[in-house]
Amino acid sequence: MSTTDNALFTSATVIEAVTRQNYPTATLYVVATPIGNVADISLRALHLLSLADAIACEDTRNTAQLLTRYGISKPLIAAHQHNEREVAEKILARLQAGERIALVSDAGTPGVSDPGAKIVDAIKLAGMSVTPLPGASAAISALSASGLIHDRFYFVGFLPAKAGQRDSILREVQAIPASLIFYEAPHRIIEAVAAMRAIFGDTRRIVLAREVSKLFEEIHRCTLAEAESWLAADSHREKGEYVILIEATTAAADDQELEARRVLQILLEECSVKQAAGLAAQLTGQKKNALYQMALEMKQAAEDE
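Position labels on residues start from 1 in each chain and follow its written sequence. With pLDDT at 70 or above as the cut-off, local features in this predicted model cover only qualifying residues; side-chain atom pairs require 80 or more to be listed or tallied, and sums for whole chains, interfaces and linings still use all residues. To get the side-chain values, all heavy atoms of the structure are used, and hydrogens and water are removed first.

Engineer: Is there a simple way to explain the overall build of the protein chain in this structure?
Structural biologist: Numbering of helices and strands runs from the N terminus; a helix is a DSSP stretch of H or I covering at least four residues, while a strand is a stretch of E covering at least two. Secondary structure summary: the protein chain contains 13 helices and 10 strands in total. For the protein chain, the spread of C-alpha atoms along the three principal axes comes to 75 × 50 × 35 Å. Counting all 305 residues of the protein chain, 41% fall into the buried class. Whether two residues touch is decided by their heavy atoms; if any such pair falls within 4.5 Å, the residues are in contact. Of the contacts formed within the protein chain by residues at least 6 apart in sequence, a portion of 69% connects residues at least 24 apart. Charge assignment: positive for Lys and Arg, negative for Asp and Glu; neither His nor the chain ends contribute. Every charge is mapped onto a representative atom, which is NZ of Lys, CZ of Arg, CG of Asp or CD of Glu. Mean positive and mean negative side-chain charge positions of the protein chain (30 and 38 charges, respectively) differ by 3 Å. Partly exposed residues are those whose accessible area sits between 20% and 50% of the maximum for their type, while under 20% is buried and over 50% is exposed, using a 1.4 Å probe and protein chains only.

Engineer: Would you mind going over the sheet that holds strand 8 (residues 205-210) with me for this structure?
Structural biologist: Hydrogen bonds between backbone atoms are what pair the strands of a sheet, whose relative direction is either parallel or antiparallel. Should DSSP find at least two bridges between two strands, the strands are regarded as paired. Read from one edge to the other, the open sheet built from 5 strands follows the order 6-7-10-8-9, with strand pairing classed as mixed. If you trace the sheet from one side to the other, it starts and ends with strand 6 (153-158) and strand 9 (218-223), each paired once. For this sheet the average axis-to-axis angle between neighbouring strands, irrespective of direction, equals 15°. Pairing analysis gives 5 bridges linking strand 7 (residues 179-184) to strand 10 (residues 242-246), with the strands arranged antiparallel. Residue pairing for strand 10: Leu180 is matched across the bridge by Ile246. Relative to strand 9, helix 10 (residues 224-232) is tilted by about 140°, and along the sheet it contacts strand 8, strand 9 and strand 10. Axis definition: a line fitted to C-alpha atoms, limited for helices to the stretch in contact. Angles are taken between N-to-C directions and run from 0 to 180 degrees.

Engineer: Just to check I follow, could you spell out the pattern of salt bridges for this structure?
Structural biologist: For side chains bearing opposite charge, pairing can occur when the charged atoms are close. What counts as a salt bridge is simple: a side-chain nitrogen of Lys or Arg found within 4 Å of a carboxyl oxygen of Asp or Glu. Evaluated as defined, the whole model comprises 15 salt bridges. Taking the shortest distance from any N to any O, the salt bridge between Glu99 and Arg94 comes out at 2.7 Å. Residue class for Arg94 comes out partly exposed when judged on its relative accessible area of 28%. Each of the salt bridges in this network shares a partner with another, and the network as a whole consists of Arg197, Asp202, Glu228 and Lys287.

Engineer: What is the right way to look at the packing of helix 8 (residues 163-173) against helix 9 (residues 189-200) in this model?
Structural biologist: Angle between the axes and distance between the axes are the two parameters that describe a pair of packed helices. Contact geometry of helix 8 with helix 9 gives a least axis separation of 10 Å together with a crossing angle of 45°. As judged from the angle between their axes, helix 8 and helix 9 are oblique. Seen along the crossing, helix 8 lies across helix 9 with a hand that is right-handed. Mapping the contact onto sequence places Arg166, Asp167, Leu170, Arg171 and Val173 in helix 8 and Glu191, Ala192, Ala195, Met196, Ile199 and Phe200 in helix 9. Residues are sorted three ways: Asp, Glu, Lys and Arg are charged, Ala, Val, Leu, Ile, Met, Phe, Trp, Tyr, Cys and Pro are nonpolar, and all the rest, Gly among them, are polar. Class assignment of the residues belonging to the contact of helix 8 with helix 9 gives a composition of 7 nonpolar, no polar and 4 charged. Any angle from 65 to 115 degrees is called roughly perpendicular, while one under 35 is roughly parallel, one over 145 is roughly antiparallel, and all others are oblique. By definition, turning the near helix anticlockwise from the far helix through less than a right angle yields a left-handed crossing, and turning it clockwise yields a right-handed one.

Engineer: Any chance you could explain the sheet that holds strand 2 (residues 54-57) here in plain terms?
Structural biologist: Strands sit in the order 3-2-4-1-5 across an open sheet of 5 strands; the sheet is parallel. Edge positions in the sheet fall to strand 3 (76-78) and strand 5 (129-133), since each of these pairs with one other strand and no more. The sheet shows a mean angle of 25° between the axes of neighbouring strands, taken without regard to direction. The pairing of strand 2 with strand 3 spans 3 bridges and is parallel. When the sheet's bridge partners are listed, Ala56 is paired in strand 3 with Ile77. Of the strands in this sheet, strand 2, strand 3 and strand 4 (100-104) are in contact with helix 4 (residues 60-69), which crosses strand 3 at around 155°.

Engineer: I keep staring at the packing of helix 9 against helix 10 and nothing clicks. Help me out?
Structural biologist: As a packed pair, helix 9 and helix 10 sit with axes 9 Å apart at the nearest point and diverge in direction by 165°. Of the possible angle classes, the one that applies to helix 9 and helix 10 is roughly antiparallel. Between helix 9 and helix 10 the crossing geometry is left-handed. Across from Ile189, Ile190, Val193, Ala194, Met196, Arg197 and Phe200 in helix 9, the residues of helix 10 making contact are Leu224, Ala225, Ala227, Glu228 and Leu231. In the contact of helix 9 with helix 10, the residues fall into 10 nonpolar, no polar and 2 charged.

Honestly, it's all geometry; don't read function into it.
If you want it as structure tokens, here you go:
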């Protein structure tokens, strides 16, 4: 780092801008931490962490390492997905005693596909103050670099591990007129992308953002028909956390689905699900597997009525 860079971080103007702000006591501060690059933490977050009476964190070891990098030492409270309700009572008692408590996750923003939401809910229900300190977000970072042009996005988060539950959610969101954002673990990335292709079709674009902000970051955009080949081309692509973005559905895609449902509705009156899907594929030019799933759902819905 150059002398000029050092001056930037130690200048009186910057320090004053951070320290002159009000940091009320009896407040829970929800603090975003880096998702990869440790430099991606705000000056305001560092100042608050140095002021806090204690820090509630997902993994005390990870948070201790982060704090050590910045010369901060604070009491840590383990607050993970298995004890959120219980630890919320301890945090509430400390807030009522007038303390400042910071809430962090291992990476990114607490409560967004990470523990924290139940704690915040309990604190707000008790009438105490909650203040967010914004920062790194894998979903927003990937979206900003995706080039997918749409005014809206729909955050799905992690898909279920079981194929049936995963596919059910994918079918629920496939027609939403917004860019879709998913998180996925590396050991499930290939089967998740294959499921997306089967349900969303070959032509919709996908953005595969791997290891966002980390040393081996990759952000690749292609069609769903090309995505599996890209993943298979390098074994390293089955490592690291993924953000997956799917471009918004188009009016043409909606029209295709409506036409497929219309054709299947007629065929299912006379044919089995398998026969209806095969004939519909010939009539509409759409994929037989996707039509088969659609026909199954339509038949089940008709039987449930």
